Amino acid sequence: MGATTVAIDLAKSVFQVAVADHHWRVTATHRFTRAQLERWLANCAAQLVVMEACGSAHHWARWLASLGIDCRLLPAQHVRAYVKRNKTDAADAAALLEAARCCDVHPVRVKSVEQQALQQLHRIRSLWMATRTSRINALRGFCREFGLCIPVGARTGVEAVSRLLADPQSPVAAMSRNAMASLVEEIRLLEARIAQLERELAALARHSPACNTLLSIPGIGLLTATALVAATSGDVTHFKDARHFAVWFGLTPKEHSSGNTRRLGRISKGGDRYLRMLLTHGARSVLRAASVAAKAGRTCLPLRSWALAVQARTNHNKATCALANKLARICYATLRDKQRFEDTQPVNKKIARRVFAMPA
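Cut-off values and rules
Counting from 1, residues in each chain are numbered in the order their sequence is written. Local features in a predicted model are, by the rule used here, given only for residues with pLDDT of at least 70; side-chain atom pairs are given and counted only at 80 or more, and totals for whole chains, interfaces and linings are based on all residues. To obtain the side-chain values, all non-hydrogen atoms of the structure were included, while hydrogens and water were left out. The salt bridge criterion pairs a side-chain nitrogen of Lys or Arg with a carboxyl oxygen of Asp or Glu, the two atoms within 4 Å. Each residue gets one of three labels from its accessible area relative to the maximum for its type: buried under 20%, exposed over 50%, partly exposed in between, using a 1.4 Å probe on protein chains only. Think of a 1 Å grid over just the protein atoms. A cavity is a set of points where a 1.4 Å probe fits yet cannot get out, a pocket is an open set with protein on both sides within 12 Å along at least five of seven lines, and lining residues have an atom within 4 Å of a point. Grid points are joined across faces, edges and corners, and a volume is the space filled by probe spheres set on the points. Elements are defined by DSSP. Helices are runs of H or I of four residues or more, strands are runs of E of two residues or more, and each kind is numbered from the N terminus. Three classes are used, and their members are as follows: Ala, Val, Leu, Ile, Met, Phe, Trp, Tyr, Cys and Pro are nonpolar, Asp, Glu, Lys and Arg are charged, and the others, Gly among them, are polar. We call Phe, Tyr and Trp rings a pair once their centres come within 6.5 Å, taking the six-membered ring for Trp, and we label the pair stacked below 30 degrees between planes, edge-to-face above 60, and tilted otherwise.

S.K.: Now, about the pattern of salt bridges: what can you tell me, with residues and values included?
M.R.: Applying the stated criterion to the full structure yields 12 salt bridges. Its salt-bridge partner being Asp92, residue Lys87 comes within 2.8 Å of it at the nearest N-O pair. Under the relative-accessibility criterion, Lys87 is labelled exposed at 54%. Judged by relative accessible area, which is 6%, Asp92 ranks as buried. In this structure, Arg336 engages Asp337 in a salt bridge whose closest nitrogen and oxygen atoms are separated by 2.9 Å. According to the relative accessible area criterion, Asp337 is partly exposed, its value standing at 38%. Three or more residues joined by partner-sharing salt bridges are found here, namely Arg132, Arg188 and Glu191.

Okay, structure coming up:
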């Protein structure tokens, strides 16, 4: 077979394949099952395989690399622009070939098994946190129906509900006491699981030079450092510069310009939502610490002084986004140069998180 490039539209059980020659002309199309695709790829003489960076794409890329076949993963949002007319599997495979020809469509770096496993730990923690929040909100709603007002705060609220359920004279209906007690037990179990998972993340961070470098930055804690290492493997050489790295998070403003008129809007939010959330919360913590230090008359570090100056001339949310952007650029610089940002940052304290430590 004289194929040089193969485009594969990935799916769960049915895979569409488009074969192109060295002139990028489609010479054949196939529709395979998973087993048929594996046999066909093992026997084909393709030089390049193009796929969308979607579910299972990194697994296929690693498998193709083991066969000695070059694989290129393209961002799905960029491939969509090349789909002609109706969206079908065949049209998607042809669009992959067109997108692969464009030099402006940059491929996604293939993740290792360790990177994906670390990302899965973060996803599992997010799911448990969402489940915990929904259970706490449900308990608050149930108590409100009995005329009980639960104080603000997740831990404070759960403790208040536990005391109400333990008190036989409380207004909580006897019919729902056992079910509500089961919800409280589920919340405690989720907190124990989250604490155990964070201990596993801390053990990984202690042996990762990239995590220790990132933890020296104000506002970068255990979760942000390990999530960044999972996304980049601690290597940022494939980014052009620090601004490109910030663009990857969606922390740069949208632009609507024409001629001599340039309009900058709100941040694009075009990158990884989870990483952007972690950086934004880290920026909020830095701003709060800077405000507390300024009110107490203590000397602020240059980064905190800059954040307070931005907040003074704009508002809190804009200053938070600006600081998150700057934190992303600092993360790029520290990972690129492999140098710590501040030796005074309590790295060991950040690693030893005790957010869900159960009282003795």
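S.K.: Describe the layout of surface pockets, and please don't skip the residues or the numbers.
M.R.: Each pocket or cavity is described by its volume, and for the largest pocket that value is around 1,200 Å³. Lining the largest pocket we find 39 residues, and of these Pro75, Gln77, Pro107, Val108 and Trp248 sit closest to its centre. Of all the secondary structure elements, the ones that give two or more residues to the lining of the largest pocket are helix 2 (57–66), helix 3 (76–79), helix 5 (113–145), helix 9 (222–232) and helix 10 (242–249). Considering only residue class, the lining of the largest pocket consists of 13 nonpolar, 18 polar and eight charged.

S.K.: Describe the packing of aromatic side chains, naming the residues involved and giving the relevant values.
M.R.: Tallying each qualifying case throughout the model produces nine aromatic pairs. For the pair Phe32 and Trp40, a centre-to-centre distance of 5.5 Å together with 40° between the ring planes defines the contact as tilted. A relative accessible area of 13% places Phe32 in the buried class. In this structure Trp40 comes out as buried when scored by relative accessible area, which is 17%. Between Phe239 and Phe245, the aromatic rings sit 5.0 Å apart at their centres with planes inclined by 85°, giving edge-to-face as the arrangement. A relative accessible area of 0% places Phe245 in the buried class.

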